[in-house]
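In case you want the letters, here they are:
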Amino acid sequence: MHCIVRAVAFSRVAAVIGLVVAVSTSLPYDPAISQTRISYPSRPITVIVPFAKGGPTDVVARIVAVEMSKTLGQPVAIENVVGAGGTTATQRAARAEPDGYTLIVGHMGTHAAAVALYPNLGYRPDADFAPVALLSRMPVLVVARQHFPAADFGEFVSYVRGHTHLLNMAHAGVGSVSYASCTLLNHLLGIDPTGVPFNGTAPAMEALAAGQVDYMCDQIVNVVVPLRDGAVRAYVIASPQRDPALPTVPTAAEAGLPAFEVEAWNALFAPKGTPDWIVAMLNTAVVRALDQPEVRNPLIGLGGIVPSPDQRTPDALRARVQAELQKWGQVLKRSSH
Ligand code: ASP
């Protein structure tokens, strides 16, 4: 058997970024396979967002998808499939055809915390997906309704400890970032509120702004605007540093709760079995998107962190999922006692 090295130029992509993918294979030349490679993507790509429109996962996905579609030469359409803290959609994506046309935005909840929260989760975050690229890193904040009777985090802590059974905590479903983050917070504070699930933190934020629930833990992109509008209040950010988008909000460590440290992230995944060269093309499209001002400006303006080049590779994402599975397995085990 002889080895053939083929270079396949993707006409549309090459026109935009001059991308040339070299495919090394020990198989004999097959015109049908070659044709498939040349023609991907030949139709719109669907990116499943496992939460409601307008929330943090959705916002990140939509900002990046617009730029990806310019590179790939096909629309990259967002489909919101909600339920069960994002795990319903993630299970569906795990079973989708691995042809590069169905992808999912997973995150610290769906691809890490959910494993510790569902004994019979219908997918394995590490084994059932081909990691494509990290899209964003996201600080998490504790936010409360506008008239919550606490001026700062110290007063928040006193109040929630004194009123634990009267409290309503909003979240985006068991398995979500908001649920996992506040599970840690509640454990650290020794409180046990009533959880109120929503299909994402966009509707949860609406309920919070309307004063229908008391507090939640949310990713910063969903907090900046309602906070500036005075619709909600923010007590702490669960990061080692303050965020330039909200410089007056203290870190949890500054406010006396250093163990409350959480960083959310959103990332693009394909179903396991998606050919490496398709994953490489998609990764190139994400990497290019993350360098565009059309992506960087809104993400950074809303408090997000754009992943550095070394954090954008499929291998870096694979390692992140492994590390986060470990971390959240331990955190949630401790927090449920
Ligand atoms: N991803 C968010 C969470 O896990 C929800 C959302 O994006 O709406 O809390």
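Residues numbered from 1 in each chain as written. Predicted model: local features only at pLDDT ≥ 70, side-chain atom pairs only at ≥ 80, totals over all residues. Heavy atoms only, no water.

> Tell me about the packing of aromatic side chains, and name the residues and values.
Taken as a whole and assessed by the stated rule, the structure comprises ten aromatic pairs. Between the aromatic rings of Tyr40 and Trp277, the centroid separation amounts to 6.2 Å while the plane-to-plane angle is 90°, which identifies the pairing as edge-to-face. Note that Tyr40 is positioned in the loop between helix 2 (31–39) and strand 3 (45–49) and Trp277 in helix 10 (residues 276–290), a separation of 237 residues in sequence. For Trp277, a relative accessible area of 11% puts it in the buried group. Both rings, one in Phe156 and one in Tyr235, keep their centres 5.0 Å apart while their planes meet at 35°; by these two values the pair is tilted. Of this pair, Phe156 sits in helix 6 (residues 153–162) while Tyr235 sits in strand 10 (residues 232–237), placing them 79 residues apart in sequence. Among the aromatic residues, those joined into a cluster by ring pairs are Phe148, Phe153, Phe156, Tyr159, Tyr215 and Tyr235. (Phe/Tyr/Trp six-rings, centres within 6.5 Å; stacked < 30°, edge-to-face > 60°. Helix = DSSP H or I, 4+ residues; strand = E, 2+ residues; numbered from the N terminus. Buried < 20%, exposed > 50% of the residue type's maximum accessible area, 1.4 Å probe, protein only.)

> I'd like to hear about empty space enclosed by the protein, residue by residue, with values.
Scanning the model with the defined rule gives four cavities of 30 Å³ or more in all. Roughly 90 Å³ of volume is contained in the largest cavity. Elements with a contribution of two residues or more to the lining of the largest cavity: helix 3 (56–72), helix 7 (177–189) and strand 9 (215–219). In terms of residue count, the dominant contributor to the lining of the largest cavity is helix 3 (three residues). Grouping the amino acids of the lining of the largest cavity by side-chain chemistry returns five nonpolar, eight polar and two charged. (1 Å grid on protein atoms, 1.4 Å probe; cavity = no way out; pocket = protein on both sides within 12 Å on 5 of 7 lines; lining within 4 Å. Points joined across faces, edges and corners; volume = space filled by probe spheres on them. Nonpolar A, V, L, I, M, F, W, Y, C, P; charged D, E, K, R; others polar.)

> Report on helix 5 (residues 109–117), specifying residues and quantitative values.
Taken as a whole, helix 5 has its buried residues at Gly109, Thr110, His111, Ala112, Ala113 and Ala114. Contacts made by the buried residues of helix 5 are with helix 4 (87–94), strand 5 (102–107), strand 6 (129–145), helix 7, strand 11 (263–271) and helix 12 (314–335). (Contact = heavy atoms within 4.5 Å.)

> Help me get a handle on the side chain of Thr183, residues and values and all.
Along the chain, the position of Thr183 falls in helix 7. Taking relative accessible area as the criterion, Thr183 reaches 17% and is therefore assigned buried. Among the polar contacts made by the side chain of Thr183, one reaches the main-chain carbonyl oxygen of Tyr179 at a distance of 2.6 Å. Once residues within four sequence positions are removed from consideration, Thr183 is found in contact with Leu332 and Ser335. (Polar contact = N/O pair within 3.5 Å; in protein donor to acceptor, adjacent residues only side chain to side chain.)

> An account of the packing of helix 3 against helix 11 (residues 293–301) is needed here, citing residue identities and associated values.
Where helix 3 meets helix 11, the closest approach of the two axes is 9 Å, and the angle between their N-to-C directions is 165°. By the angle between their axes, helix 3 is roughly antiparallel relative to helix 11. You can see that helix 3 and helix 11 cross each other, and the crossing is right-handed. Where helix 3 abuts helix 11, its residues Val60, Ile63, Val64 and Glu67 lie against Glu294, Val295, Pro298 and Leu299. (Axes fitted to C-alpha atoms, helices over the stretch in contact; angles between N-to-C directions. Parallel < 35°, antiparallel > 145°, perpendicular 65-115°, else oblique. Left-handed = near helix turned anticlockwise from the far one by under 90°.)

> Got a sec to walk through the site of the ligand? Specific residues and values, please.
In the vicinity of the ligand, the residues found are Phe51, Gly55, Pro56, Thr57, His107, Ala172, Ser176, Val177, Ser178, Gly200, Thr201 and Gln219. Ser178 has a polar side-chain atom sitting 2.6 Å from an oxygen atom of the ligand. Expressed as a share of its isolated accessible area of 270 Å², the protein-covered part of the ligand is 100%. Here the ligand occupies the largest cavity. Counting residues per element, the ones that place at least two in the shell around the ligand are helix 3 and helix 7. (Near = heavy atom within 4 Å. Areas by Shrake-Rupley, 256 points an atom, 1.4 Å probe, with all protein chains shown as cover. Sits in = over half its atoms within 2 Å of the grid points.)

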